[in-house]
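Notes for the structure review
Chain by chain, the residues run as shown.
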Amino acid sequence: MTTASASVTLTTVWINLASSPSNYQSFPLMSGLEVDTNQPGEVRTYAGGRLRLVTTAGVARTATLTLPECSRDQINWLQTYVGQTVLVRDDRGRKIWGTFLQPKVNENQYAQTGDVTVVINEITYTEAV
Amino acid sequence: MQSLTQAPRQNLTAAQVKSLITGSQVQITPGLELLDGNNNFVGDISSTLVSGTVERNCLAAIHGTCNLVLEGAVGWGVDRLRPFMVLSNGKISARFNLGVFVIQTPVANLAENPITYSVTGYDLLCFLDVPVGDTYAVTSGTTYFTAIQSIISALNIGSNLYLDGTLQSSTLPNDMVWALTPGSTTTWLDIINDLLGSINYRNLWADENGNFRSTPAVLPSTRAVEWILDTSDNTQNIVAPKRDVTSDVFDAHNWWRFVRTPMTTKPVEGAGIYTVQNTSTGRTSQTALGRTIKAPVQFLTAADQTSLTAQGNAIVAADQRVSRTFTISLDPLPVAGHLDIVQFKDNGSSDICQVDSWVTDLMGKSSQWILEAVNA
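Since the structure is predicted, the reported quantities are computational estimates derived from the model, not experimental observations. (Residues numbered from 1 in each chain as written. Chains lettered and ligands numbered in written order. Predicted model: local features only at pLDDT ≥ 70, side-chain atom pairs only at ≥ 80, totals over all residues. Heavy atoms only, no water.)

Right, let's talk about the pattern of salt bridges for a bit. In the structure shown here, the tally under the stated rule is 13 salt bridges over all chains. A salt bridge links D331 of chain B to R52 of chain A, with the nearest nitrogen and oxygen atoms 3.0 Å apart. Taken together, the residues D331 of chain B in the loop between strand 21 (324-330) and strand 22 (341-346) and R52 of chain A in strand 5 (residues 51-56) connect one chain to another. Owing to a relative accessible area of 3%, R52 of chain A belongs among the buried residues under this scheme. A salt bridge links E33 of chain B to R95 of chain B; its shortest N-O distance comes to 2.9 Å. Here the residue E33 of chain B occupies a position in strand 1 (residues 25-35), and R95 of chain B occupies one in strand 6 (residues 93-97), the gap between them amounting to 62 residues. (Salt bridge = Lys/Arg side-chain N within 4 Å of Asp/Glu carboxyl O. Helix = DSSP H or I, 4+ residues; strand = E, 2+ residues; numbered from the N terminus. Buried < 20%, exposed > 50% of the residue type's maximum accessible area, 1.4 Å probe, protein only.)

Shown next as structure tokens:
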């Protein structure tokens, strides 16, 4: 048995639906991508003044996408799949399985387009079938 | 308290486990397992665990409870769950089992998708804390251990029974009968604890793996210290800043009388009666309070005068030590067990304390412990 591998270099952000990967949208006009990494935990203070770090498992990432001039199809697509599991890939090779709950659309006044902000919250997802 | 190096962390040294618990950096990962009716592993369902706590009130009838939020249903009232916690510092990790529980009271939150269940579980003593519903008798000549094992086997609980072997050959001098009477609420746990009490053993408890255990009752002040909580130790302290101490001398007894039952002759002092007076010791003595405050006479089921004396001394010690309790918040100390003895060093003072209750938050938050000073 042989296995083959291939790599693809993306020039923008692609969002694929996890339940149907061939269902996707790409956003060539992305103007902002902000990725936050969040390790739950805190530095605690104890009686006597001791300090130590207590964390819990699970580093969560969020990706905030700013997508100007989205077409009506793109906006409808995002609004259709709110709360669904998606795969987000960007032009830097990053890949996040996640979901978005509140896409924010700022409709453009003189066109059928809109500026969209989407916060992708990472979820633990297994690709194995 | 659990041994630091018992399974499932037997590959680590005690120093390594202690450093995991108290080190300058720790990562806490909660877990949950499904067990069968014999406490054997069925599956890991950690992915369904949203949050939860494990609590132990060592002075309650059923000591262990857990409060969990689960994404997914289990066999309510049947399936057994074993929460556990893994501590890691990036180099080594250790797992700590926190008890075996039967989930009794699921509350489903239908507003969420998937549905989450807020559930309360009780440790396996709950299988014994049910009414007998009949008259029950154990005949003289039966060993106490046999009588207790018979009950647990008959109820098909599937848990091992580990009793300290000191009095394994001790037999009942008389028949013991728990009669069915109007309003009778005698439980199997009552009967077992009566039998254990007769030979001055501690009330039955369930350990972190669901095994039933008991050992001879020993005054807490004479037991070995199992853990030191020292607020001035900047390398190991895990006690949060907020902590309270409560002193209470209200209605503190300084005279006690215990009478052995059953007796075939009239009990007298030294043979069926045991009287204790605290004339001058501590802040609740007759001298300190200026008067004698008598406790109600207590009739105790005892195999002999030695057992009566030992049970009486335990009650006296418990009565006397309620005068000081510490309420503290503690980071997870997942080796906590049943009626542990700790040394609490704080503000220049040092107290030997019995842990009356503790809470372990599975997500690692500081949780409340109540310590009762038992200084000799």
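As a further point, take the sheet that holds strand 17 (residues 255-261) of chain B. Residue and element names in this part refer to chain B. Here we have four strands laid out as an open sheet, ordered 18-19-17-20, and mixed in their pairing. The sheet is open, and its two borders are formed by strand 18 (268-269) and strand 20 (298-301), each paired with just one other strand. Where strand 18 meets strand 19 (residues 272-277), two bridges bridge the pair, whose relative direction is parallel. Its bridge partner lying in strand 19, E269 is registered against I273. (Pairing = 2+ DSSP bridges.)

Residue and element names in this part refer to chain B. Per the domain assignment, the segments of chain B are domain 1 (14-124), domain 2 (136-203), domain 3 (220-248 + 323-373) and domain 4 (255-320). On a C-alpha basis, the centroid separation for the pair domain 2 and domain 4 is 24 Å. Across the contact, eight residues belong to domain 2 and seven residues belong to domain 4. Summed over the three residues of domain 2 that lose the most area to domain 4, namely N174, S198 and N200, the buried surface amounts to 59% of that side. (Domains from an automatic or database assignment. Contact = heavy atoms within 4.5 Å. Buried area = accessible area lost by both parts, 1.4 Å probe.)

Our next topic: the pairing of strand 17 of chain B. Residues in a regular strand point their side chains to alternate faces of the sheet. Residue and element names in this part refer to chain B. Counting buried positions along strand 17 gives five out of seven residues, so the element sits mostly inside the fold. Across five bridges, the pairing between strand 17 and strand 19 is antiparallel. Each residue of the ladder has a partner; that of F258, found in strand 19, is Y274. Two elements, strand 17 and strand 20, share four bridges in a ladder whose sense is parallel. Considered in strand 20, the bridge of R260 is made with L300.

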